Amino acid sequence: MGRLTFIAILLTVIFTLSYGLGAHIAVRYLNPSFGAWWNSNEFAIVECAATALGMLIGIRIGARLAHGGLLKNRSMVAAVIVGGLMLPIVARISAEIARFKFSSGGSVTAWLIDHFRYDTGMFLDKLLAAGVYSIKIAAFALPVGMILFGVAVAIFMTAEPAGDAADATSRERVKQ
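Rules used throughout
Residues numbered from 1 in each chain as written. Predicted model: local features only at pLDDT ≥ 70, side-chain atom pairs only at ≥ 80, totals over all residues. Heavy atoms only, no water. Helix = DSSP H or I, 4+ residues; strand = E, 2+ residues; numbered from the N terminus. Buried < 20%, exposed > 50% of the residue type's maximum accessible area, 1.4 Å probe, protein only. Contact = heavy atoms within 4.5 Å. Areas by Shrake-Rupley, 256 points an atom, 1.4 Å probe, with all protein chains shown as cover. Axes fitted to C-alpha atoms, helices over the stretch in contact; angles between N-to-C directions. Parallel < 35°, antiparallel > 145°, perpendicular 65-115°, else oblique. Left-handed = near helix turned anticlockwise from the far one by under 90°. Nonpolar A, V, L, I, M, F, W, Y, C, P; charged D, E, K, R; others polar. Expected span 1.5 Å × (residues − 1). Bend = angle between axes of the 7 residues up to and from the residue. Patch = residues over 30% accessible without salt bridge, like charges linked within 9 Å, V, L, I, M, F, W, Y side chains within 5 Å. Salt bridge = Lys/Arg side-chain N within 4 Å of Asp/Glu carboxyl O. Core = buried A, V, L, I, M, F, W, Y, C linked by side-chain atoms within 4.5 Å.

## Things to note about the overall build of the protein chain
Here is step 1: Summing up its helical and strand segments, the protein chain has 6 helices and 0 strands in all.
Here is step 2: Tracing the protein chain from N to C terminus, the helices and strands come up as α-α-α-α-α-α.
Here is step 3: Here the protein chain holds 176 residues, and 30% of them are scored as buried.
Here is step 4: Pairs at least 24 apart in sequence give 81% of the contacts found in the protein chain among residues at least 6 apart.
Here is step 5: In the form shown here, the protein chain has an accessible surface area of approximately 11100 Å², with 69% of it arising from carbon and sulfur atoms.

Set out below in structure tokens:
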């Protein structure tokens, strides 16, 4: 889980910065065909990476609230697999929700332009907007990860016969 979360953080940061900074121009200069692919897919990768990050954080939070090593591990694996299958759907929904503005006006843009002049202010505004967009997507995907983990726990708890659960509990006590 730690490695998956690290990869999701890395992809989210790289592609959010790439989108906000317009890095596809430099990539297109170095390799035109790869730069064209990068430009056409970087926004979708931002959305999917941020969604994956939010769901993984939600699964990890759910796992910290659960007791029982074997049940927790099985539930985490099941939640990650189902989350991976649901990633495109959750990414689309989270991205649509994240596009809603929660404030009105251009006060941040105006402040950035006043303090850093027009070119730098507009550049910083686009970078800030990309970062906030990624954070909002991850925040909206986080509860989905927690729900997936909770459903997996419930399924594994009901599917496990009472005798097997008692045996697993006693094995955990012996290990401790």
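## Notes on the environment of I97
Here is step 1: Along the chain, I97 falls in helix 4 (residues 69-98).
Here is step 2: A relative accessible area of 33% means that I97 is categorised as partly exposed.
Here is step 3: Separated by 39 residues in the primary sequence, I97 and K136 have C-alpha atoms spaced 8.4 Å apart.

## Brief notes about the packing of helix 3 (residues 32-65) against helix 5 (residues 107-159)
Here is step 1: Interhelical geometry of helix 3 versus helix 5 gives an angle of 40° and a closest axis separation of 6 Å. Looking at the two axes, helix 3 sits oblique to helix 5. For helix 3 against helix 5, the interelement crossing comes out right-handed.
Here is step 2: In terms of residue class, the contact of helix 3 with helix 5 is built from 17 nonpolar, 6 polar and 1 charged.

## Some details on unusual backbone geometry
Here is step 1: Although it is not a glycine, R117 sits at a positive phi angle of roughly 70°.
Here is step 2: Look at R117 and you get exposed, because its relative accessible area is 70%.

## Thoughts on the environment of G35
Here is step 1: Structurally, G35 is set in helix 3.
Here is step 2: Residues G35 and H24, 11 residues apart in the sequence, show an inter-C-alpha distance of 5.8 Å.
Here is step 3: With residues near it in sequence (within four places) discarded, G35 still touches V27 and R28.

## Some details on the packing of helix 1 (residues 2-21) against helix 5
Here is step 1: Following both chains from N to C, one finds helix 1 and helix 5 inclined at 145°, their axes separated by 8 Å at the closest point. Where helix 1 crosses over helix 5, the two elements pack in a sense that is right-handed. Between helix 1 and helix 5, the contacting residues are T12, T16, L17, Y19, G20 and L21 on the first element and F123, K126, L127, A130, G131 and S134 on the second.
Here is step 2: Residue composition of the contact of helix 1 with helix 5, by class: 6 nonpolar, 5 polar and 1 charged.

## A word on helix 4
Here is step 1: Given a rise of 1.5 Å per residue, 30 residues ought to cover 44 Å, yet the end C-alpha atoms of helix 4 are separated by just 35 Å, more than 12% below that figure.
Here is step 2: Maximum bend of helix 4: about 60°, positioned at M86, with proline P88 one to four residues after it.
Here is step 3: Buried within helix 4 are the following residues: S75, M76, A79, G83, L87, V90, A91, S94, A95 and A98.
Here is step 4: Of the surrounding elements, those touching the buried residues of helix 4 are helix 3 and helix 5.

## Observations concerning a nonpolar patch on the surface
Here is step 1: Residues F6, I7, L10, L11 and I14 make up a contiguous nonpolar surface patch of roughly 450 Å² in combined accessible area.
Here is step 2: Assignment of secondary structure puts I14 in helix 1.

## Quick word on the nonpolar core
Here is step 1: I59, A63, A66, M76, A79, L148, F149 and V153 together form the largest nonpolar core, which totals 8 residues.
Here is step 2: Every element with two or more residues in this core is listed here: helix 3, helix 4 and helix 5.
Here is step 3: When near neighbours in sequence (up to four residues on either side) are disregarded, A66 contacts K72 and F149.

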